[in-house]
Amino acid sequence: MMRKGLLLLALLALSGLGLAQRAVSFRLSLPPAGLGVGLEAPLERNLAFRGYGDLFPSGPSFLLAGEVLFKPDLGQVDRDLKGIRPYFGGGLGGFIPGSAGADLGLHISLGVEVLLDPRTGVFVDGEYFSGFGGRRSSRTVIGVNLR
């Protein structure tokens, strides 16, 4: 199970390398402690799709999710705020524990990304997962997007 999850995370990371104008994300989450990679792609001017996989070594367990984010650049309102991008959105996620069955559910995100330069941004994100099978969890994620 652990090998399959690591292979899936590696494939997710490599799939973004050949796509222009996309961002590859590297993520660290607490609690529970987890590491992850993701791919973010713009859909429209203020909309983006983000797909990612996170590994929680304590289980081991995995969270795979895809979500649509409303992500405006505040520079559209005030030029002094250019590069600050608050966002919120949601989608579907799947939690795959190492010992029991998987749980599919809704995933919600709220956060902010600050662009350090046009190709690099750091983000802080609060996430909530509510599984259809009853599992609920929330966590804080920090990470970097590389375009």
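This text follows the structure it describes.
Note that this is a predicted model, so its numbers are computed, not measured.

1. Concerning the overall build of the protein chain
Line of reasoning, step 1. Each helix and strand counted, the protein chain has one helix and eight strands in total.
Line of reasoning, step 2. Start at the N end of the protein chain and walk to the C end: the helices and strands fall as α-β-β-β-β-β-β-β-β.
Line of reasoning, step 3. In the protein chain, which comprises 147 residues, the share counted as buried stands at 40%.
Line of reasoning, step 4. Accessible surface computed for the protein chain: about 8100 Å², of which carbon and sulfur atoms make up 68%.

2. Side note on the environment of Glu 127
Line of reasoning, step 1. With respect to the secondary-structure elements, Glu 127 resides in strand S7 (residues 120-131).
Line of reasoning, step 2. In this structure the C-alpha to C-alpha distance between Glu 127 and Ser 137, which are 10 residues apart in sequence, comes to 8.3 Å.
Line of reasoning, step 3. Dropping the residues within four chain positions of it, Glu 127 is found in contact with Arg 27, Arg 50, Tyr 52, His 107, Ile 108, Ser 109, Ser 137, Ser 138, Arg 139 and Val 141.
Line of reasoning, step 4. Reaching out from Glu 127, the side chain makes a polar contact with the side chain of Arg 27 at a distance of 2.9 Å.
Line of reasoning, step 5. A distance of 3.3 Å separates the side chain of Glu 127 from the side chain of Tyr 52, its partner in a polar contact.

3. Observations concerning a nonpolar patch on the surface
Line of reasoning, step 1. A contiguous nonpolar patch, built from Leu 28, Leu 35, Val 112, Val 114, Leu 116, Val 122, Val 124 and Ile 142 and spanning about 640 Å² of accessible area, is present on the exposed surface.
Line of reasoning, step 2. Those elements that place two or more of their residues in the nonpolar patch are strand S6 (103-117) and S7.
Line of reasoning, step 3. Element by element, the count of residues in the nonpolar patch is highest for S6, at three residues.
Line of reasoning, step 4. Looking at the secondary structure, you find Ile 142 in strand S8 (residues 136-146).

4. Here's the deal with the pairing of strand S1 (residues 23-30)
Line of reasoning, step 1. Bridge count between S1 and strand S2 (residues 34-42): seven bridges; the pairing is antiparallel. Paired with Phe 26 across the two strands is Val 37, which belongs to S2.
Line of reasoning, step 2. The turn linking S1 back onto S2 is made up of three residues.
Line of reasoning, step 3. Here S1 pairs with S8 via seven bridges, running antiparallel. In the sheet register, Leu 30 faces S8, and the bridge partner there is Thr 140.

5. Looking at the sheet that holds strand S5 (residues 84-97)
Line of reasoning, step 1. Pairing within the closed barrel is antiparallel, and its eight strands lie in the order S1-S2-S3-S4-S5-S6-S7-S8. Neighbour to neighbour, the strand axes of the sheet diverge by 25 degrees on average, direction disregarded.

6. Structural notes on the nonpolar core
Line of reasoning, step 1. Within the largest apolar cluster, six residues are counted, these being Tyr 52, Phe 56, Leu 63, Ala 65, Phe 95 and Phe 129.
Line of reasoning, step 2. Among the elements of the structure, strand S3 (47-56) and strand S4 (61-70) are those that each provide at least two residues to this core.

7. Topic: the side chain of Lys 71
Line of reasoning, step 1. Among the secondary structure elements, Lys 71 is positioned in the loop between S4 and S5.
Line of reasoning, step 2. When neighbours within four sequence positions are excluded, Lys 71 is seen to be in contact with Glu 40, Asn 46, Arg 85, Pro 86, Tyr 87, Glu 113, Asn 145 and Arg 147.

8. A word on the packing of aromatic side chains
Line of reasoning, step 1. With the rule as written, the count across this model stands at two aromatic pairs.
Line of reasoning, step 2. Geometrically, the ring pair formed by Phe 56 and Phe 95 is tilted, given 6.3 Å between the ring centres and 35 degrees between the ring planes. Taken as a pair, Phe 56 in strand S3 and Phe 95 in strand S5 lie far apart in primary sequence, 39 residues in all.
Line of reasoning, step 3. The exposure class assigned to Phe 56 is buried, which follows from its relative accessible area of 4%.
Line of reasoning, step 4. Over the ring of Tyr 87 we find Lys 71, and its NZ or CZ is 5.1 Å from the ring centre.
Line of reasoning, step 5. One residue, Arg 135, lies across the ring of Phe 95, its end atom 3.7 Å from the ring centre.

What counts, and where the lines are drawn
- Residues numbered from 1 in each chain as written.
- Predicted model: local features only at pLDDT ≥ 70, side-chain atom pairs only at ≥ 80, totals over all residues.
- Heavy atoms only, no water.
- Helix = DSSP H or I, 4+ residues; strand = E, 2+ residues; numbered from the N terminus.
- Buried < 20%, exposed > 50% of the residue type's maximum accessible area, 1.4 Å probe, protein only.
- Areas by Shrake-Rupley, 256 points an atom, 1.4 Å probe, with all protein chains shown as cover.
- Contact = heavy atoms within 4.5 Å.
- Polar contact = N/O pair within 3.5 Å; in protein donor to acceptor, adjacent residues only side chain to side chain.
- Patch = residues over 30% accessible without salt bridge, like charges linked within 9 Å, V, L, I, M, F, W, Y side chains within 5 Å.
- Salt bridge = Lys/Arg side-chain N within 4 Å of Asp/Glu carboxyl O.
- Pairing = 2+ DSSP bridges.
- Axes fitted to C-alpha atoms, helices over the stretch in contact; angles between N-to-C directions.
- Core = buried A, V, L, I, M, F, W, Y, C linked by side-chain atoms within 4.5 Å.
- Phe/Tyr/Trp six-rings, centres within 6.5 Å; stacked < 30°, edge-to-face > 60°.
- Lys NZ or Arg CZ within 6 Å of the ring centre and 35° of its normal.

By themselves, these are just geometric observations and shouldn't be taken as functional.
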